[in-house]
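# Per-entry structural report
Here is what each chain is made of, one letter per residue.
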Amino acid sequence: MTKQITVPFGPQHPVLPEPLHLDLVLEDEKVVDVIPTIGYVHRGLEKLVEKREYTEYVFIAERICGICSFIHSQTYVQGIEQIMGLEIPERAEYLRTIWGEYSRLHSHLLWLGLFADSMGFESVFMNAWRLREHILDDLESTTGGRVIQGVCKVGGVRKDVAPEKLDEMLKGLKNLEHELNELNNVFLFDQSMKHRLKGIGKLSSEDAYQLGAVGPTARGSGLAIDIRETGYGAFGKINFRPVVEHGGDSYARCAVRAKEMFTSIDIIEQCIKKIPDGPVDMKVTGAPDGEYFSRTEQPRGEVIHYIKGNGKKNLVRHRVRTPTFTNIPPLVTLLKGCELADVPVIVLSIDPCIGCAER
Amino acid sequence: MTYLAKSPWIIHYDASSCNGCDIEILACLTPMYDVERFGIINTGNPKHADIFVVTGSINEANREVIQNIYNQMPDPKVVVAVGICACSGGVFRECYNVAGGIDKLIPVDVYVPGCAARPESIIDGIVTALGILEEKRTKNVHSPQVTDNGRAEHPKRHAKGGAE
Amino acid sequence: MEPQTIVPITVGEVVQKAEQAKKDGCRLVLISCTKIDETFEIIYTYEKDLKLTNYRITVKQDDEIPSISGIYWGSFVYENEIHDLYGIHVKGINIDFKGTFYKTAIKHPFSVTITKEGDA
């Protein structure tokens, strides 16, 4: 038998913007076992519900993660609204959906850049982030924030968007769609890309299901798990189909995200065409009494906020289960049997978001 | 201005940040803001770096990592704390696992406020750091080796009940 | 939105319900823990076709709960988390970090009342 050696990967690693630590047990170049260590970003923010009122806590919920920020706040307020039985104005639902899809676009482009960077494909990195700035500009001009928007509140949203601005956004998306097409052609159909990605890090659909994979990690393995189909926000009134690929390898996961960007653009366009007039905010009195599992689809997959209140201003419990957290067991399985040189690519192919996972 | 200040290399570490400031730092490197035109290069190796950019606050697991990176960097070196969490703990200052700003552990030269810090202010902070770097070089300042004496200043906490 | 119910079960039924869920083709979504006064509520959530099934057990600090990692391999992340943050012992986890999954300044932070100096 070959001698086993353990190679630490992270927490400070050039390919990772975030600290994740893996102990890789190697036999020659082959990874035979993986022990993940987390906790470098653990803040313990769930316990802050004891100190912040449920209306103020939206700001904390949004700062669980700076990439998925908007959808975290949306999930949280949605849970509170469910417990309190609030019917929020329809325009607010649509606006939340639009901003949520904008977040998905910015997150996928961000991932595309980092992923290309991990393979040394610098020009795709730069181009993806160049396109991402257009999205951030739209987010900033409509909400006021680039990465942390702070626009969701219990009972609606804080800002309305003028119809002229919505038209302008539509035009911007048309341009973006065109540029994305070009970028995707370079990225997905490039020969060396295929060499690096096809057949690397395979996850069968059965494994993905049993290990609890969600989001593009699951959809790349042929599972159509997409929480947007439950119809939260305005998704009940929008036509869309989840993007599913059957390869199960890194390439399939990339393809899912690349195609999802077009789905997102389509959803935003439908929303802008259908958005009704009216108020975007309602008055909220009282405090939540009850419990609810609020679910939404983040760029990385299903996120659950479990909220429990007892009729007081401070919640009893707020528990967040983020997509990356449940994608850790699939990641461990993916890495077993791969080559050491492929580890960065496989880790990034599940799009880990450590800030989310550890809270 | 010497060659050092014309092309400073930075190393970025995400302490317990929410990613908001981290992606803004990365945004600085990409075409819209493009700090490489100032010669600023992001490196992954502490021993290559002149400027240490930290986002997020200190927690129990990462204090060792921050110290290590700081101690491994050669003199002269400058520390930039990006974002309100790195400056003081921010909205998370009351969390049980957050010990506070980076200055509780290593000496900080420049504080960049904001949640998340905007790319413009990050660039401004790094340019300010260049002046300090130059000053440290001419005065031949030796930075101290940091050990975990921050732990002594760690705010006292009291826990009642529960499991041992 | 779908209505949600949580079915109370006993600690002894946890493994049996997990086996049943697996047989029904459910996936494990979440194991969450909540401290209510001196007791802890642990909720197991399974999902099939976008429908959630929830089971709730109530335990005390010194109780030991069985692991379902033999049935759902990926449950070790939740079970280690419950052990580290709440101090509840979980018996027979497949990958047991023995309290090193989360490194926290205070041991089992969710099982205690914390006051920090300088609190407003």
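Anyway, here's the lowdown on the structure attached to this text. No experiment lies behind these values; they were computed from the predicted model shown.

Conventions adopted
- For every chain, the first residue of its written sequence is number 1, and the numbers climb from 1 along that sequence.
- Lettering of chains starts at A and numbering of ligands starts at 1, both following the order in which they are written.
- Selection of residues for local features in this predicted model requires a pLDDT of at least 70, selection of side-chain atom pairs for listing and counting requires 80 or more, and totals for whole chains, interfaces and linings are taken over all residues.
- For the side-chain quantities, the full set of heavy atoms in the structure was used; hydrogens and water were omitted.
- Here a strand is any run of E in DSSP of at least two residues, a helix any run of H or I of at least four, and the numbering for each starts at the N terminus.
- Partly exposed residues are those whose accessible area sits between 20% and 50% of the maximum for their type, while under 20% is buried and over 50% is exposed, using a 1.4 Å probe and protein chains only.
- Working rule for contacts: check all heavy atoms of both residues, and any pair within 4.5 Å makes them a contact.
- Here, Shrake-Rupley sampling with a 1.4 Å probe gives the accessible areas, and only protein chains in the shown set may cover a residue.
- By definition, the buried area sums, over both parts, the 1.4 Å-probe accessible area that each loses when the two are put together.
- Salt bridge, as applied in this entry: a Lys or Arg side-chain nitrogen positioned within 4 Å of an Asp or Glu carboxyl oxygen.
- For this analysis, a polar contact is any N or O atom pair within 3.5 Å, provided that within protein one partner can donate a hydrogen and the other can accept it, and provided that sequence-adjacent residues contribute only side-chain to side-chain pairs.
- Polar here means any residue outside two lists: the nonpolar Ala, Val, Leu, Ile, Met, Phe, Trp, Tyr, Cys and Pro, and the charged Asp, Glu, Lys and Arg; Gly therefore counts as polar.
- Only strands that DSSP links by at least two bridges are regarded as paired with each other.
- Put simply, a nonpolar core is a bunch of buried Ala, Val, Leu, Ile, Met, Phe, Trp, Tyr and Cys residues held in one set by side-chain atoms that sit within 4.5 Å of each other.
- Between the rings of Phe, Tyr and Trp (Trp by its six-membered ring), a pair exists once the centres lie within 6.5 Å; its type follows the angle of the planes, with under 30 degrees stacked, over 60 edge-to-face, and the other angles tilted.
- Both a distance and an angle decide whether a charge sits over a ring: NZ of Lys or CZ of Arg must be within 6 Å of the ring centre and within 35 degrees of the ring normal.
- A fitted line through C-alpha atoms represents every axis, and for helices the fit uses only the stretch in contact; the resulting angles, taken between N-to-C directions, go from 0 to 180 degrees.
- Working rule for angles: under 35 degrees goes down as roughly parallel, over 145 as roughly antiparallel, 65 to 115 as roughly perpendicular, anything else as oblique.
- Left-handed describes a crossing whose near helix is turned anticlockwise from the far helix through less than a right angle; right-handed describes the clockwise counterpart.

The next point concerns the overall build of chain B. Of regular secondary structure, chain B possesses 6 helices and 8 strands. Walking chain B from its N terminus toward its C terminus, one meets helices and strands in the order α-β-α-β-β-β-α-β-α-β-β-α-α-β. Counting only residues that meet the buried cut, chain B has 60% of its 164 residues in that class. When contacts within chain B are restricted to residue pairs at least 6 apart in sequence, long-range pairs at least 24 apart make up 83% of them. Here chain B has roughly 6,600 Å² of accessible surface; of this, 53% comes from carbon and sulfur atoms.

Glancing now at the interface of chain A and chain B. Taken residue by residue, the interface counts 38 residues in chain A and 39 residues in chain B. Roughly 3,200 Å² of surface becomes buried between chain A and chain B when both sides are summed, with 63% attributable to carbon and sulfur atoms. Between the two partners, chain A and chain B, sit 3 salt bridges. As a salt-bridge pair, R146 of chain A and E24 of chain B come within 2.7 Å of each other at their nearest N and O atoms. Summed over the shared surface of chain A and chain B, the result is 7 residue pairs in polar contact (both at pLDDT 80 or more). Broken down by secondary-structure element, the contributors of at least two residues to the side of chain A that touches chain B are α3 (90-118) and α4 (122-143) of chain A. Classifying every residue of the side of chain A that touches chain B by side-chain character gives 20 nonpolar, 7 polar and 11 charged.

What follows deals with the pairing of strand β3 (residues 39-48) of chain C. Residue and element names in this part refer to chain C. Most of β3 sits out of view: 8 of its 10 residues are buried. Bridging between strand β2 (residues 27-36) and β3 involves 9 bridges; their strand directions are antiparallel. Note on β3: the bridge partner recorded for I31 is Y44. Taking the residues between adjacent antiparallel strands as the criterion, β2 and β3 are bridged by 2 residues, where D37 takes a positive phi near 50°. Pairing of β3 with strand β4 (residues 51-60), which is carried by 10 bridges, proceeds in the antiparallel orientation. Bridged to I43 within β4 is R56. Counting the residues in the hairpin turn of β3 and β4 gives 2 residues, including D49, whose phi is positive at 45°.

Residue and element names in this part refer to chain A. Tallied over the full model, the rule gives 40 salt bridges over all chains. Between K336 and D33 there is a salt bridge, with its nearest N and O atoms 3.8 Å apart. One end of the pair, K336, is in the loop between α11 (328-335) and α12 (343-349); the other, D33, is in strand β3 (residues 30-37), and 303 residues separate them in sequence. Close ionic contact of E179 with R130 constitutes a salt bridge, the shortest N to O distance being 3.1 Å. One end of the pair, E179, is in helix α5 (residues 163-188); the other, R130, is in helix α4, with 49 residues separating them in the sequence. Residue classification places R130 among the partly exposed residues on the basis of a relative accessible area of 31%. Through salt bridges with shared partners, one network takes in E101, R104, R219, D226, R228, E260 and E297.

Moving on: the nonpolar core. Of all hydrophobic cores here, the largest spans 119 residues; its most connected members are Y76 and F187 of chain A. Broken down by element, this core gets its largest block of residues, 14 residues, from α3 of chain A. In this structure, L26, Y40 and L334 of chain A together with I82 of chain C belong to the second largest nonpolar core, which totals 97 residues.

Moving on to the packing of aromatic side chains. Under the definition given, this model contains 13 aromatic pairs over all chains. The interplanar angle of 90° and the centroid separation of 5.8 Å between the aromatic rings of F40 of chain C and Y86 of chain C together place this pair among those described as edge-to-face. Of the two residues, F40 of chain C is situated in strand β3 and Y86 of chain C in helix α2 (residues 76-86); the sequence distance between them amounts to 46 residues. Relative accessible area serves as the criterion here: at 1%, F40 of chain C is assigned to the buried category. The class for Y86 of chain C is buried, based on a relative accessible area of 3%. By way of ring pairs, the aromatic residues W111, F115 and F187 of chain A are connected into one cluster. The ring of W129 of chain A carries the charged tip of R132 of chain A above its face, separated from the ring centre by 4.5 Å. Cation over ring: K198 of chain A sits above Y251 of chain A, and NZ or CZ is 4.6 Å from the ring centre.

All names here are of chain A. Two elements in contact, α3 and α5, have axes whose closest approach is 13 Å; the angle formed by their N-to-C orientations is 25°. Here α3 lies roughly parallel to α5, going by the angle between them. α5 is crossed by α3, and the crossing has left-handed handedness. Listed contacts from α5 to R91, I98, Y102, L105, L109, L112, F115 and A116 of α3 are L166, M169, L173, L176, L180, L183 and F187.

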